[in-house]
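Remarks on the overall topology
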Amino acid sequence: PAEPAFRADRLVVKPTASSASWGLAMVDNWAQARAHVDYLHDLGHDALVEAWAPLLDVAVPVVGGSEGEPWILPPMMYVPADPHRERSYEEKRGLVEAGDDPLVLVEDADLRARLEDMTRRLLPELWPFDYGRFEFRYDPATNDLLFMEVNLSCNLWSKKTISRSAASIGVDHAALVETIVGHSLARQGLLSQAPIRVAA
């Protein structure tokens, strides 16, 4: 592939079907990016090359709600000690000791409103679904907010974003999982009573 037309201080190269940053590389020039693309192609994967956006990851959790309406939970911001360091696959999967994710609720009302608006505008492209995270990158110095990706049916561990967001409004992990499963079954018509068959 030719060098991309856009310019960036750093580039992110990753497989198109990456999960938890598997196969991701952050590089400083096109030669390094091209080498990682070739590596991923040799493994049989398509690859994405994108400009690295600085600073803070923000996730907006969404779960299936009653009467077919999604519930948008409070957004959570990942605030690491070094926002310029990428998180490894091993960290995200809990394969190395990294402590709890440094997650905080987004308190800024304007930022919360922007996040909810962007999420609502994306929902029709994907709805219906059981649960997911709409992810953005936020730069507090410039107030730039960039859409990053959507992760449906993602990590639902009690120490991760969706559960911790739900806990902030008084919904514990067990109730969250029960809610997701219940709404999923209802959405798929699996909670209605089966007809009684009478032998002739």
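Here's what I pulled together on the structure shown here.

What counts as what
Residues numbered from 1 in each chain as written. Predicted model: local features only at pLDDT ≥ 70, side-chain atom pairs only at ≥ 80, totals over all residues. Heavy atoms only, no water. Core = buried A, V, L, I, M, F, W, Y, C linked by side-chain atoms within 4.5 Å. Buried < 20%, exposed > 50% of the residue type's maximum accessible area, 1.4 Å probe, protein only. Helix = DSSP H or I, 4+ residues; strand = E, 2+ residues; numbered from the N terminus. Contact = heavy atoms within 4.5 Å. Pairing = 2+ DSSP bridges. Axes fitted to C-alpha atoms, helices over the stretch in contact; angles between N-to-C directions. Patch = residues over 30% accessible without salt bridge, like charges linked within 9 Å, V, L, I, M, F, W, Y side chains within 5 Å. Areas by Shrake-Rupley, 256 points an atom, 1.4 Å probe, with all protein chains shown as cover. Salt bridge = Lys/Arg side-chain N within 4 Å of Asp/Glu carboxyl O. Phe/Tyr/Trp six-rings, centres within 6.5 Å; stacked < 30°, edge-to-face > 60°. Lys NZ or Arg CZ within 6 Å of the ring centre and 35° of its normal. Expected span 1.5 Å × (residues − 1). Arc of directions from axis to C-beta. Polar contact = N/O pair within 3.5 Å; in protein donor to acceptor, adjacent residues only side chain to side chain.

Topic: the nonpolar core
- Counting 15 residues, the largest nonpolar core has Met 77, Leu 111, Leu 115, Phe 134, Phe 136 and Leu 145 as the members making the most contacts within it.
- For this core, the elements supplying multiple residues, two or more each, are strand S4 (56-64), helix H3 (109-126) and strand S8 (131-139).
- In contact with Phe 136, not counting residues within four places along its chain, are Leu 56, Asp 57, Val 58, Val 60, Leu 115, Met 118, Thr 119, Leu 145, Leu 146, Phe 147 and Met 148.
- Counting residues in each nonpolar core, the second largest holds nine residues, with Val 63, Ile 162, Leu 176 and Ile 180 among its members.

Some words on the sheet that holds strand S3 (residues 47-51)
- Ordered in space as S2-S1-S3, the three strands form an open sheet in which the pairing is antiparallel. Two strands close off the open sheet at either side, each with one partner strand: strand S2 (25-27) and S3. Within this sheet the neighbouring strands show an average axis-to-axis angle of 25°, counted without direction.
- Pairing of strand S1 (residues 11-15) with S3 involves five bridges; the strand directions are antiparallel. Bridge pairing in S3 links Leu 11 to Ala 51.
- Across the face of the sheet, helix H1 (residues 30-42) comes into contact with S1, S2 and S3 while running at roughly 5° to S1.

A word on a nonpolar patch on the surface
- Together, Val 181, Leu 185, Leu 190 and Leu 191 give the surface a local cluster of nonpolar side chains, amounting to about 360 Å² of exposed area.
- Structurally, the position occupied by Leu 191 is in the segment after helix H5 (173-187).
- The exposure class of Leu 191 is exposed, given its relative accessible area of 54%.

Re the packing of aromatic side chains
- Within this structure, the stated rule accounts for three aromatic pairs.
- Ring plane angle 80° and centroid distance 5.0 Å describe the contact between Trp 127 and Phe 129, whose orientation is recorded as edge-to-face.
- Judged by centre distance (6.1 Å) and plane angle (40°), the ring pair of Phe 129 and Phe 134 falls under tilted.
- By relative accessible area, which is 0% here, Phe 134 ends up buried.
- Feature note: the residues Trp 127, Phe 129 and Phe 134 constitute an aromatic cluster, connected by ring pairs.
- Above the face of the Trp 52 ring, Arg 10 is positioned so that its terminal group lies 5.6 Å from the ring centre.

Focus: H1
- In this model, H1 (13 residues) spans 18 Å end to end at C-alpha, consistent with the 18 Å of a helix rising 1.5 Å per residue.
- All of the buried residues along H1 are Trp 30, Ala 33, His 36, Val 37 and Leu 40. For H1, the angular spread of the buried residues around the axis is 125°, confining them to a single face. Among the exposed residues of H1, those pointing more than 90 degrees away from its buried face are Ala 31 and Asp 42.
- Tucked inside the fold, the buried residues of H1 contact S1, S2 and S3.
- For H1, the side-chain oxygen to backbone nitrogen distance between the N-cap and Ala 31 is 3.2 Å, and the N-cap itself is Asn 29.

With respect to unusual backbone geometry
- The residue after Trp 127, namely Pro 128, is reached through a cis peptide bond having omega 10°.
- The residue Asn 143 is not glycine, and still its phi comes out positive at about 70°.
- Checked against the element boundaries, Asn 143 lands in the loop between S8 and strand S9 (144-152).
- In this structure, Ser 153 takes a positive phi of about 50° despite not being glycine.
- Locating Ser 153 in the fold gives a position in the loop between S9 and helix H4 (161-167).

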